[in-house]
Structure formats: C-alpha cells, structure tokens
Amino acid sequence: MNEDQNIETQIWNYMDGTISVEEKALIEGLLLNNAKWQKVYSEILQLQILMKNDIELDEPYMSFTKNIMEEIAALQITPATKTYINKRIINGIAAFFMILIGGLLIYGFTQVDWTANGNVLSSFNLPKLDQTKYFTSQFMNTFLMINVVLGLILLDRFLAKNMNRQKQQHT
Amino acid sequence: MNAETGDNEVINRVLQGDQQAFAVLVKAYRHFVFTIALRYTGNREDAEELAQDVFVKAYRSLADFRHDSKFSTWLYTITVNTSSSFLRKKKTEIHSITNERIFELANTAIPVMNRIAMEQKSKAALMNSVIRLLNADDATIITLFYEGDQSLEEIGQIMGITSNTAKVKLHRARQRLKEKLSTHFSNELKEMRQ
C-alpha cells in the first residue's frame, strides 16, 4: 500500500468512526498541520457528501405494490421454523454422536500402551476382527429394508408437500 | 415512533391475519429493494420481477423474523440472497462485470452519461452514472451503507461476511468509485469544486 492509499484508508476510518480515541487525536493533529493530509481529506469529504446526499434510489413501476398484494392474496404465511423443529430430537442426535465419539476416543486411549518406548509400532497388538461374524446376510437385509422404508417416507413427504403447494396456488 | 417500532407493529398485525397491512412494508421498502435488485440485474424488468419475488418470500417467511435485527436488515438479506441466486441461475455477467467489461462499457456509455450529467447539471445523475460502472457487490455495499442506513455489522449479516470483511469491502468499493469518478468525470468534479 503506498502512502496516499494509507492516508486515504485512515481518513475513511476516521470518518466512519472505526478508530480509537488516540488514533482520532493523531489524525486530527495531522489534518490541522499537514497540507497533504488536508488535500486528501477535502477530496474524500467531497466524495463522502456525494455518496450521502446524491445517490438516488430507483423507483419500480406504479403497479408494483398492487402486484405483490395480488400475489400474496392466495398465499399463507409459513409457520415459524421453531414451531416444527423439535429441539429435543436435535439435542438427542447431538448427544448420540457426542457419546459415540467420546466412547471411541476413550476406547482408543485405553488401548495405547503408555509405557512403550523404542519401536512403538511393534508394541501395538491390534485385535483381529472377523467381519463375517457381524455383517451377515440377515443384517444386511434388515439394514437395506430400513433404508428403503425411510426413503419411501421421505418421498411421500416430499410429494405431499408439492401437492399441498399446488393446491394452495390453485385456490 | 421510530421506523423499527413501526415495522414491528405492522409485522405483528400481518402475523395476526391482517394481510393488507403488508402493503405498508412494501411501500416503505420497495425503492430500496428494487434498487438493490437493479444493481444485480442491470435491467428494470428483471429487477422488478426479482423485487416482487423478495417481498413474496418475505411475506411467506414473516413468522421466521425473530426481531433480533432490524426488519430492513432481514429484508435486505433476502434481497441480496435472491439477487445472487438470480445471477447464478442466469449464468450471465449482466452487472457483475470484469475489469475488461467495465472498460468496454465505460468507452461506450460514458460519453452518453457525461452528456446527461452535463445537461442535467445534477450531482445525483452523476452519482448514478458512476454507480452503474461498479460491479454489483461494490454498488450494493455502498448503497446499503449510505442509503440503506445499515451498519458494517448489519452489512456483514446481509452479505454473509464478517463485519471486518464488510469494512474492507466497503473501503475497496469507495476507492473504486473514487477512481471511476476521477477517470471518467474529472471535469464534472472540477466544476463542483468551483
């Protein structure tokens, strides 16, 4: 950043009031005694006044409000999100994952041999898991069935929501 | 009664079933919402459609307005989000233009704008011409700060950035506006100083 830009930045901050009391006093001193600072200040002040007083808002067409009121006449206000989101369910899910992560961490730490030194890798004795014992075909079928049922429930909700929306638009 | 208290009273009336009261909010904020939409779209037809969409969305989600910010801040957040989505959908750089595009636009538009500004001798016309040369984000942040009565924290909330980032963005936007003014409208500026 060159010197001019630095002066500009500090003057903008001074005008916005986003500087400390000490910085403010310092800048006011410079504005009183330094010609360069005074020149930049007058330029920025002119721009500041233009932006404050001379930016005009555009105007929409005359029928704008009428069109909106006609459009919302057929609509209803959606209930507040907090009324249909059950905080207990969210807290329950959060607690489940916290316990799961905590449990895994505790299990991991208890498996570490803290006295080991030298060749650390050789001191690990990882248990061998027999995956076929847990992932049986019965387990997989049940798992898939639950997912299919959950998927159908979600699809049903989605379609019902769309139908309700269409009904509202037609009425 | 300040604007915030007035808005909250109207909102409560709408939530209690007085749908017509919503017109008060539309009338109070239509110019600003339309202006922000226009900064993004660059043409009145799309801006009108977008601004209407913003008010319809605001009406439907009015129950979600939690009164922990100004209604205007909440409404402008919907405006900026809807406008950004509109730009993404269109996939055209209508107003969010690159430097090359700004240069190209400046070459063709500035003589006309200069003439208009000179003819009207109006500072407002000059400022509106310069604002049109900025990209949508710069134009929006300047409009929100100077015309929308929004603080840096509120601008941060509206644009989904921190207040510090909003401060930096505002500073850069003002610098670019100053550059555009001194590059393309130096004569008008000199006239104003005299």
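Residues numbered from 1 in each chain as written. Chains lettered and ligands numbered in written order. Predicted model: local features only at pLDDT ≥ 70, side-chain atom pairs only at ≥ 80, totals over all residues. Heavy atoms only, no water.

Peer 1: It is not clear to me how the overall build of chain B should be interpreted in this structure. Could you clarify?
Peer 2: Of regular secondary structure, chain B possesses 10 helices and zero strands. For chain B, the α and β elements follow one another from N to C terminus as α-α-α-α-α-α-α-α-α-α. Among the 194 residues that make up chain B, the fraction classed as buried is 52%. Here the analysis covers contacts within chain B between residues at least 6 apart in sequence; of these, 70% occur between residues at least 24 apart. Summed over all atoms, the accessible surface of chain B reaches about 9,400 Å², with 47% contributed by carbon and sulfur. (Helix = DSSP H or I, 4+ residues; strand = E, 2+ residues; numbered from the N terminus. Buried < 20%, exposed > 50% of the residue type's maximum accessible area, 1.4 Å probe, protein only. Contact = heavy atoms within 4.5 Å. Areas by Shrake-Rupley, 256 points an atom, 1.4 Å probe, with all protein chains shown as cover.)

Peer 1: Sorry, what's going on with the interface of chain A and chain B here?
Peer 2: Accessible area lost when the parts come together is the quantity often used to give the size of an interface. Of the residues lining the interface, 38 residues belong to chain A; the matching set on chain B comes to 49 residues. Taking both partners together, chain A and chain B bury about 4,400 Å²; carbon and sulfur atoms supply 60% of that area. Summed over the three residues of chain A that lose the most area to chain B, namely I55, D58 and I77 of chain A, the buried surface amounts to 15% of that side. Run the count over chain A and chain B and you get three salt bridges. Where R174 of chain B meets D16 of chain A, a salt bridge forms, and the shortest distance between an N and an O atom there is 2.7 Å. The tally of links from chain A across to chain B stands at 11 residue pairs in polar contact (both at pLDDT 80 or more). Breaking the side of chain A that touches chain B down by element, the ones donating at least two residues are α1 (3-16), α3 (35-54) and α4 (64-73) of chain A. Class assignment for the residues of the side of chain A that touches chain B results in 17 nonpolar, 12 polar and nine charged. (Buried area = accessible area lost by both parts, 1.4 Å probe. Salt bridge = Lys/Arg side-chain N within 4 Å of Asp/Glu carboxyl O. Polar contact = N/O pair within 3.5 Å; in protein donor to acceptor, adjacent residues only side chain to side chain. Nonpolar A, V, L, I, M, F, W, Y, C, P; charged D, E, K, R; others polar.)

Peer 1: I would appreciate a short explanation of the layout of surface pockets in the present structure.
Peer 2: Gaps left between atoms show up when a probe the size of a water molecule is rolled over them. Its volume calculated, the largest pocket comes out at about 400 Å³. T78, P79, K161 and R165 of chain A together with R60 of chain B are the residues nearest the centre of the largest pocket, which is lined by 10 residues in total. Looking at which element gives the most residues to the lining of the largest pocket, the answer is helix α9 (residues 137-170) of chain A, with four residues. Each residue belonging to the lining of the largest pocket can be placed in one class, and the counts come to three nonpolar, four polar and three charged. (1 Å grid on protein atoms, 1.4 Å probe; cavity = no way out; pocket = protein on both sides within 12 Å on 5 of 7 lines; lining within 4 Å. Points joined across faces, edges and corners; volume = space filled by probe spheres on them.)

Peer 1: Would you mind going over a nonpolar patch on the surface with me for this structure?
Peer 2: Judged by side-chain polarity, I89, I93, F96, F97, L100, I101, L104, L105, F109 and W114 of chain A come together as a nonpolar surface patch covering roughly 1,100 Å² of accessible area. Its relative accessible area of 63% is what places W114 of chain A among the exposed residues. (Patch = residues over 30% accessible without salt bridge, like charges linked within 9 Å, V, L, I, M, F, W, Y side chains within 5 Å.)

Peer 1: Looking at this structure, I do not really get the confidence of the model for chain B. What am I missing?
Peer 2: A low pLDDT means the predicted coordinates there should not be read in detail. When the pLDDT values of chain B are averaged, the result is 83; 81% of them are 70 or greater. Of the two predicted TM-score estimates for the complex, the pTM is 0.67 and the ipTM is 0.75. (pLDDT = per-residue confidence, 0-100.)

Peer 1: Any chance you could explain α1 of chain A here in plain terms?
Peer 2: Owing to its 3.6 residues per turn, the α-helix brings residues three or four apart onto one side. Here α1 of chain A is 14 residues long and its end C-alpha atoms lie 20 Å apart, about the 20 Å a rise of 1.5 Å per residue gives. Taken together, the buried positions of α1 of chain A are occupied by I7, E8, T9, I11, W12, N13 and Y14 of chain A. Packed against the buried residues of α1 of chain A are α2 (21-33) and α3 of chain A together with α7 (136-146) and α9 (163-184) of chain B. Just beyond α1 of chain A, the residue with positive phi is G17 of chain A, at close to 75 degrees. (Expected span 1.5 Å × (residues − 1).)

Peer 1: Hey, could you run me through the packing of aromatic side chains in this one?
Peer 2: To describe a pair of aromatic rings, you give the distance between the ring centres and the angle between the ring planes. Taken as a whole, this structure holds 11 aromatic pairs over all chains when the rule is applied. Ring geometry for F22 of chain B against Y59 of chain B: centres 5.2 Å apart, planes inclined by 70 degrees, an arrangement best described as edge-to-face. Within this pair, whereas F22 of chain B is found in helix α2 (residues 22-41), its partner Y59 of chain B is found in helix α3 (residues 44-60), the two being separated by 37 residues in sequence. Here F22 of chain B matches Y59 of chain B in class, with each residue buried. Aromatic rings pair up to connect Y29, F32, F65, F71, W74 and Y76 of chain B into one cluster. Of note, R44 of chain B hangs over the ring of Y61 of chain A, and the distance from its end group to the ring centre comes to 5.2 Å. (Phe/Tyr/Trp six-rings, centres within 6.5 Å; stacked < 30°, edge-to-face > 60°. Lys NZ or Arg CZ within 6 Å of the ring centre and 35° of its normal.)

Peer 1: It is not clear to me how the side chain of E154 of chain B should be interpreted in this structure. Could you clarify?
Peer 2: All names here are of chain B. Looking at the secondary structure, you find E154 in helix α8 (residues 152-159). Taking the relative accessible area as the measure of exposure, E154 reaches 17% and is therefore buried. In terms of polar contacts, E154 uses its side chain to reach the side chain of K70, at 3.3 Å.

Peer 1: Please clarify how the nonpolar core should be interpreted in this entry.
Peer 2: In this structure, F22, I142 and L177 of chain B are the most contacted members of the largest nonpolar core, which totals 75 residues. With 12 residues, the single largest contributor to this core is α2 of chain B. Setting aside chain neighbours within four positions, we find L177 of chain B in contact with L47 and M51 of chain A together with M127, V130, I131, L134 and I142 of chain B. (Core = buried A, V, L, I, M, F, W, Y, C linked by side-chain atoms within 4.5 Å.)

Peer 1: Looking at this structure, I do not really get unusual backbone geometry. What am I missing?
Peer 2: Leave glycine aside and you will find that most residues have negative phi; peptide bonds, for their part, are mostly trans. All names here are of chain B. We note that H67 has phi near 60 degrees; this positive angle belongs to a residue other than glycine. Positionally, H67 belongs in the loop between α3 and α4 (71-90). Overall, H67 belongs to the partly exposed group, its relative accessible area being 36%. Phi is positive for D149, which is not a glycine, with a value near 60 degrees. Structurally, the position occupied by D149 is in the loop between α7 and α8. For D149, a relative accessible area of 62% puts it in the exposed group.

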